[in-house]
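Per-entry structural report
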Amino acid sequence: MLARLLGEAMVSARDHDLAAMVAVQAALIGELRAANAALAVKVGELERANAALVARVGELERRLGKDSSNSSKPPSSDGLGKPARTRRRSADQAAGRRKPGKQPGAPGAHLAQVAEPDQVVEHVPRRCGGCGQGLAGAVVVGVEARQVFDLPLLRLGVVEHQAQRRRCACGQVTAASFPAQARAAACYGPGVRALVCYLLVYQHLPVDRAAQLCSDVLGASVATGTLAGVVSEAASGLGGFVEVVREQLAAGPVAHFDETGARVAGRLHWVHSASTASLSLFTVHAKRGKVAMDAAGVLPSFGGVAVHDGWSPYWRYSDIGHALCGAHLLRELEAIADEPGQGWAAGMAELLVDVKVAADRARAAGMRQVDDDARARLRVRYQRLLADGQAANPPPRAAHRGRLRRSPAANLLARLDHHRNEVLRSLDDCRVPFDNNQAERDLRMVKLQQKISGCWRTPDGAAAFLAVRSYVATARKQGMNPLAVLRQLFQGYPWLPAPAGF
């Protein structure tokens, strides 16, 4: 009996210990599951943070990889090392496509003798080189001529104007009037003022260096304040010129538009340009968008095709034609083509080059547009490449409310799709160029002025400089000598561009 009771007690104790152990294990399992759930949440947060950091690093690497060949950054921002461009140029030379120096078929240029020199200096041999006898009366059997082109000694010429006063028999004294260029007892004439304006506005010399040049070359000690006032004086006579250029640009079939930042009176302003191959107009404004474009006065009355880089305010002029700059698109495509899975970008770049070649050939043949078959083939390729790009860049799924951030490739695809007619405009109208390089070339000199002088001190000074820059740039495009037309301006009859023939 006792043995049976002892056995039951032992079994009961073991059951009690087992139950306690099970309870402890269950509690431990519960804690482990809670910890595991917390770790899973933490891992999810870390994965999302890591994905965000990976995307950020990718974006930063993409920005660091930008240069003038794959973005709109200017070549001056590339620095001294330009390996990609050097490799491409070396490859072109190795393939025999282009070598340094004069190209085959290009007209050469050299210094040639003139038929009527300003001065002839005869050099006579005095003694025979063989026997030593004098050659004073010897017969001239030949002459070899060499001409030296050189500057005469430069100095200012002073013309004194004397206005007489004469008394009539009636007793009245009448004084003669001075010419317009004799504005004071001693003053610089239109030639000097034209040269100063040429140095400051066309050659972009700082005021102090221009004063040094006048002193060293001409012997004229011109005060820097006098030099600075010359540009404002020139601009004051250009009201009629600016209106003529504005009207001709607005009446043209194609015009190029661009804008760039500039410091004026210590603040960011914007220089806007409207140009063609024969006209240039630069204006400055505190705004960058449509308000400034309206103030420039060309786009509001323009009726042709505006070539630009696709910046949004241009599209607000819905009554005109638009053409997107192909050079900008090629740079964007080059940057995207380097990313994995974006092979469509290289194909699209190749297509745009083919579009340019087709339009150039049609233009050279005197055609108004590319033939129908070629246009159809190029448009089919365009649509196929767009489809390939959209398949490689599907729209992201919305993880939360708000506007979704698209990749640069997706943004470019959307633009190429929405503005396909503007991208391919040169196929339908061969007057439209492939790129907006005309505007970029025109603005480049304005950026050079900023690099040299830093900024304009006043809005009026900036406006004056840009008006004179419009004058000399337009004159240069139309084959005129900038220094000569500046002299005309200071003589009181500014040069005006010939009416454009479209």
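Computed from a predicted structure; not experimentally measured. (Residues numbered from 1 in each chain as written. Predicted model: local features only at pLDDT ≥ 70, side-chain atom pairs only at ≥ 80, totals over all residues. Heavy atoms only, no water.)

1. Description of the overall build of the protein chain
A tally of regular secondary structure across the protein chain gives 16 helices and seven strands. Looking at the protein chain as a whole, 32% of its 502 residues qualify as buried. Restricting the contact set of the protein chain to residue pairs at least 6 apart, pairs at least 24 apart contribute 62%. Roughly 32,000 Å² of accessible area belongs to the protein chain as shown, and the carbon and sulfur atoms make up 56% of that amount. (Helix = DSSP H or I, 4+ residues; strand = E, 2+ residues; numbered from the N terminus. Buried < 20%, exposed > 50% of the residue type's maximum accessible area, 1.4 Å probe, protein only. Contact = heavy atoms within 4.5 Å. Areas by Shrake-Rupley, 256 points an atom, 1.4 Å probe, with all protein chains shown as cover.)

2. Quick look at the sheet that holds strand 5 (residues 280–285)
Taken together, five strands build an open sheet; the order of strands is 5-4-3-6-7 and the sheet is mixed. Unpaired on one side and paired on the other, strand 5 and strand 7 (321–324) mark the two borders of the sheet. Within this sheet the neighbouring strands show an average axis-to-axis angle of 25°, counted without direction. As paired elements, strand 6 (residues 305–308) and strand 7 share four bridges and run parallel to each other. Each residue of the ladder has a partner; that of Val 307, found in strand 7, is Ala 323. Contacting strand 4 (267–275) and strand 5, helix 6 (residues 239–251) runs over the sheet at an angle of about 105° to strand 5. Contacting strand 3 (254–264), strand 4 and strand 5, helix 15 (residues 459–477) runs over the sheet at an angle of about 170° to strand 5. (Pairing = 2+ DSSP bridges. Axes fitted to C-alpha atoms, helices over the stretch in contact; angles between N-to-C directions.)

3. Overview of the packing of aromatic side chains
In the structure shown here, the tally under the stated rule is six aromatic pairs. Considering the side-chain rings of Phe 241 and Trp 495, the 6.5 Å spacing of their centres and the 40° angle between planes classify their relative orientation as tilted. Of this pair, Phe 241 sits in helix 6 while Trp 495 sits in the segment after helix 16 (482–490), and the two are 254 residues apart along the sequence. Accessibility expressed as a relative area gives 1% for Phe 241, which makes it buried. The ring of Trp 270 has Arg 288 lying over it, and the distance from NZ or CZ to the ring centre is 4.6 Å. Over the ring of Trp 311 we find Arg 288; its NZ or CZ atom is 4.0 Å from the centre of that ring. (Phe/Tyr/Trp six-rings, centres within 6.5 Å; stacked < 30°, edge-to-face > 60°. Lys NZ or Arg CZ within 6 Å of the ring centre and 35° of its normal.)

4. Remarks on the pattern of salt bridges
Scanning all chains against the criterion turns up 18 salt bridges. Salt bridges sharing partners connect three or more residues here, namely Asp 372, Arg 375, Arg 379 and Asp 428. (Salt bridge = Lys/Arg side-chain N within 4 Å of Asp/Glu carboxyl O.)

5. Remarks on the nonpolar core
Core analysis: the largest hydrophobic core is formed by 60 residues, its most contacted members being Phe 257, Leu 299, Trp 456, Val 468 and Tyr 471. Per-element accounting of this core gives the leading share, ten residues, to helix 15. Trp 456 has contacts with Ala 262, Arg 263, Val 264, Ala 265, Val 271, Val 446, Gln 449, Gln 450, Gly 461, Ala 462, Phe 465 and Leu 466, leaving out every residue within four places of it along the chain. Counting residues in hydrophobic clusters, the runner-up holds 29 residues, among them Leu 333, Trp 344, Cys 430 and Phe 434. (Core = buried A, V, L, I, M, F, W, Y, C linked by side-chain atoms within 4.5 Å.)

6. Regarding the confidence of the model for the protein chain
Mean pLDDT over the protein chain works out to 86, with 87% of the residues at or above the 70 mark. Ignoring residues within four places in sequence, the model shows residues 86–95, a span with pLDDT below 50, making seven contacts including any to other chains. (pLDDT = per-residue confidence, 0-100.)

7. Concerning a nonpolar patch on the surface
Where nonpolar side chains cluster on the molecular surface, the patch consists of Leu 18, Met 21 and Val 22 and spans about 300 Å² of accessible area. Relative accessible area serves as the criterion here: at 51%, Val 22 is assigned to the exposed category. (Patch = residues over 30% accessible without salt bridge, like charges linked within 9 Å, V, L, I, M, F, W, Y side chains within 5 Å.)

8. As for the environment of Ala 391
Tracing the backbone shows Ala 391 in helix 10 (residues 372–392). The exposure class assigned to Ala 391 is exposed, which follows from its relative accessible area of 61%. For the pair Ala 391 and Trp 344, spaced 47 residues apart in the sequence, the C-alpha separation amounts to 9.8 Å.

9. Observations regarding the pairing of strand 5
Note that strand 4 and strand 5 share six bridges and pair antiparallel. Bridging across to strand 5, Ala 274 finds its partner in Leu 281. Here strand 4 folds back onto strand 5, and the loop between the two strands holds four residues.

10. Considering helix 11 (residues 408–418)
Listed as buried for helix 11 are Ala 409, Ala 410, Leu 412, Leu 413 and Leu 416. The arc enclosing the buried residues of helix 11, seen along the axis, measures out at 160°, which places them on a common side. Buried positions along helix 11 lie against helix 8 (326–337), helix 9 (343–364), helix 10 and helix 12 (420–423). (Arc of directions from axis to C-beta.)

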